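A structural walkthrough
These are the residues of each chain, in order.
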Amino acid sequence: MNLAVRDIRHSLGRFVLTTIGVGMLLMIVMGMGGIYRGLVDDALVVTRGVGADLWIVQRDTRGPFAEVSRLPRSVVDRVAAVPGVTDAREFVFHTIQREHRGQPLRMGVLGLGWPTDKGEGLPLIAGRPLAQNHFEVIADATLGLGLGERLRLGKETYTVVGLTSGMVSSGGDGLACFTSRDAQAIQFNEPGESVRLEREARRARAGAIDFGRTQPGVLERASGPSRGLAALPGPAISAVIVRLAPGADADAVLRSLHGWSDVTVYSGVQQEDLLLKGSVDRARRQLLLFRALLTLISAVIMALIIYTLTLDKLHPIALLKLIGAPNRVIVGLIMQQSLIMGVLAFGVGWLLGQRLFPMFPRRVILTGDDLLRLAGIVLAISIFASLLGIWKAMRVAPNEAIG
Amino acid sequence: MGKPLALETSGLTKVYGHGHTEVVALRDAGMRARRGEIVALLGPSGAGKSTFLMCVGLINPPTRGRVAIGGVPVLDGSRALSDLRRFRCEHIGFVFQKSNLIPFLNAVENIQIVGELIGRPASLARRRAMELLDALGVGARAHNMPTQLSGGEQQRVTVARALANQPSLILADEPTAALDGTRGR
């Protein structure tokens, strides 16, 4: 006869409620671990999705994610010419927050290297890749935009032609993929008035020097768009992403690029490291600390619950000793209850988590290893929690059963 | 030569406390009871009847004295049998004024557990439990929890539990207080 099961059956309502409570606590512990893993995964979504062997950024910066990086577009052509490089693309990335449908909309803007990259490699769940150089966007589902929806950013309007899943920035913002030209236009968008003022200022500066007075063509160009002035570079890109040819000597390519005085080069692994140690490091450590604290709190709460359940059973325990039950029967009663509660609470926590985690604003990723590890911890907590109750039970004398 | 001794005690003394708070609850108590005998301890309140039962029942061992149950010396001064609890389970049955049933076991389980504690298979222990409940007229209430039984029914279940392991000795402290005249007899 299993005394633990019978005692549970006798106080089923209380046991169920207690188990659900502990289960909810364990769900939070699971969630913390899942949020941590989601945070790390989100941080690496773009870098892993891009799959670059090398990242070339502005000199002495840790861009393009941990820090702002700006490079002239011409770097792409220079890098493409390096032996061993099979593909060099511009990479534009920045975060914006605009108003859309009366609500703030925060997104990571990712520029795709049109026409080489039209977004075919993105995890599309609806719609299609980009089909033209301007005014189309592929948006992540977390942004809440629908296919065909039109988005006003700066002076232009963009149409959502595709939807992705799981494409978020390191900050957890949904990604919107434009062509790199459109991404730059969004990044460097200026109000019309400031453009006119700059042109007037440029014309005034040109007119104030001899060269401008003697060369009317220069004055005319000064009044025009900045791309007409060869001395003025186009909008900057955030980085150049490089794929090496199969069998290429990576060290030789690196040596070559390290020699350039205007850029810094990171490998894919180094870029991931920068991300994890940079923008997400504090959040990671905070979550880890919370997780550890919650686990400790769960252990204490379970111990108190089992201790309280044991206090309620002191008279039956004394009676069991009176009729001759050995200590192992009583230890078994308390420890089995604790283990049953632990196992069921873990199950409740997991089931609740499956329902609730998808509703969290950030991804919660639970791996099999994490669950196994937590199950082991719950097992240990259950055993530890029963020790307090067992200690109390061992101190009960048989004559207490008869008052 | 009479029947063998079921219980023999000599020089049983129980002292509580020390120094000026010392209380001698029992002093040099001794008795003999043979198998099949029914012995009643009568005395005023505070005479030490319950203390004597606790000592003989190995629930609250005496300060000094000797106890032998079924011819087996269980306590002799400071020396005691190594597993008093198991001995109690196998050889002694208890019935107290207030029925003491385990609240999370039903009537038959309260008796069955005693059999299982000495290693009897569950089916055998259950059969024995049902036989006893039927003999005491509460067989129909076998699956009721203690809170669902009347005081008298609870006490009958307690008596059945005391008899479950066919003990050498049954110790009863005002056992019939909750029973009617017929059942009490």
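Residues numbered from 1 in each chain as written. Chains lettered and ligands numbered in written order. Predicted model: local features only at pLDDT ≥ 70, side-chain atom pairs only at ≥ 80, totals over all residues.

**A few points about the overall build of chain A**
The helix and strand inventory of chain A stands at 13 helices and ten strands. The C-alpha radius of gyration computed for chain A amounts to 32 Å, which surpasses the reference 22 Å derived for 403 residues by more than 25%, pointing to a less compact arrangement than a globule. With respect to the three principal axes, the spread of C-alpha positions in chain A is 120 × 50 × 40 Å. Here chain A holds 403 residues, and the buried ones make up 38% of them. (Helix = DSSP H or I, 4+ residues; strand = E, 2+ residues; numbered from the N terminus. Rg over C-alpha atoms; globule rule 2.2 N^0.38 Å. Buried ≥ 20, exposed ≤ 12 C-beta atoms within 10 Å, placed from the backbone.)

**Details of the confidence of the model for chain A**
For chain A, the mean per-residue pLDDT works out to 87, and 92% of the residues sit at or above 70. No element of chain A has a lower mean pLDDT than helix α7 (residues 216-223) of chain A, at 65, and none a higher one than helix α12 (residues 327-356) of chain A, at 95. (pLDDT = per-residue confidence, 0-100.)

**A look at helix α4 (residues 180-187) of chain A**
Counting buried positions over the eight residues of α4 of chain A gives six, a clear majority of the element. What α4 of chain A keeps buried is the set S180, D182, A183, Q184, I186 and Q187 of chain A.

**Comments concerning the nonpolar core**
A general feature of soluble globular proteins is that nonpolar side chains tend to end up buried together. Residue and element names in this part refer to chain A. Core analysis: the largest hydrophobic core is formed by 140 residues, its most contacted members being I56, V137 and V240. Residue contributions to this core peak at eleven residues, all from helix α2 (residues 12-50). Other than its neighbours up to four places away in sequence, V240 contacts I56, L71, V75, V76, V79, A88, E90 and F91. (Core = buried A, V, L, I, M, F, W, Y, C linked by C-beta atoms within 7 Å. Contact = placed C-beta atoms within 7 Å.)

**Let's talk about the environment of N327 of chain A**
Within the secondary structure, N327 of chain A is located in helix α12. For the pair N327 of chain A and I402 of chain A, spaced 75 residues apart in sequence, the C-alpha separation works out to 19 Å.

**A word on unusual backbone geometry**
Residue and element names in this part refer to chain A. In the segment running from G63 into P64, the intervening peptide bond is cis, with an omega of -5 degrees. The peptide bond linking W114 to P115 adopts the cis configuration, its omega dihedral lying at 0 degrees. By the secondary structure assignment, P115 is in the loop between β3 (103-112) and β4 (124-127). For R101, which is not a glycine, the phi torsion comes out positive at approximately 55 degrees. Note on placement: R101 falls in the loop between β2 (85-100) and β3. At F135, a residue that is not glycine, the phi angle is positive and equals roughly 70 degrees. Along the polypeptide, F135 turns up in the loop between β4 and β5 (136-140). Exposure remark for F135: the 16 C-beta atoms within 10 Å place this residue in the partly exposed category.

**A few points about the pairing of β5 of chain A**
Residues and elements named next belong to chain A. With five of five residues buried, β5 lies mostly within the body of the structure. Residues E136, I138 and D140 point to one face of β5 and V137 and A139 to the other, with burial holding for every one of them. One ladder, built from five bridges, connects β5 with strand β7 (residues 156-164); its direction is parallel. Paired with A139 across the two strands is L163, which belongs to β7. (Pairing = 2+ DSSP bridges.)

**Some points on the interface of chain A and chain B**
Listed by partner, the interface residues are 17 residues for chain A and 21 residues for chain B. Looking at the side of chain A that touches chain B, the elements with two or more residues in it are α1 (3-10) and α11 (314-322) of chain A. Here the side of chain A that touches chain B takes five residues from α11 of chain A, the largest share from any one element. Looking at side-chain class alone, the side of chain A that touches chain B contains eleven nonpolar, three polar and three charged residues. (Nonpolar A, V, L, I, M, F, W, Y, C, P; charged D, E, K, R; others polar.)

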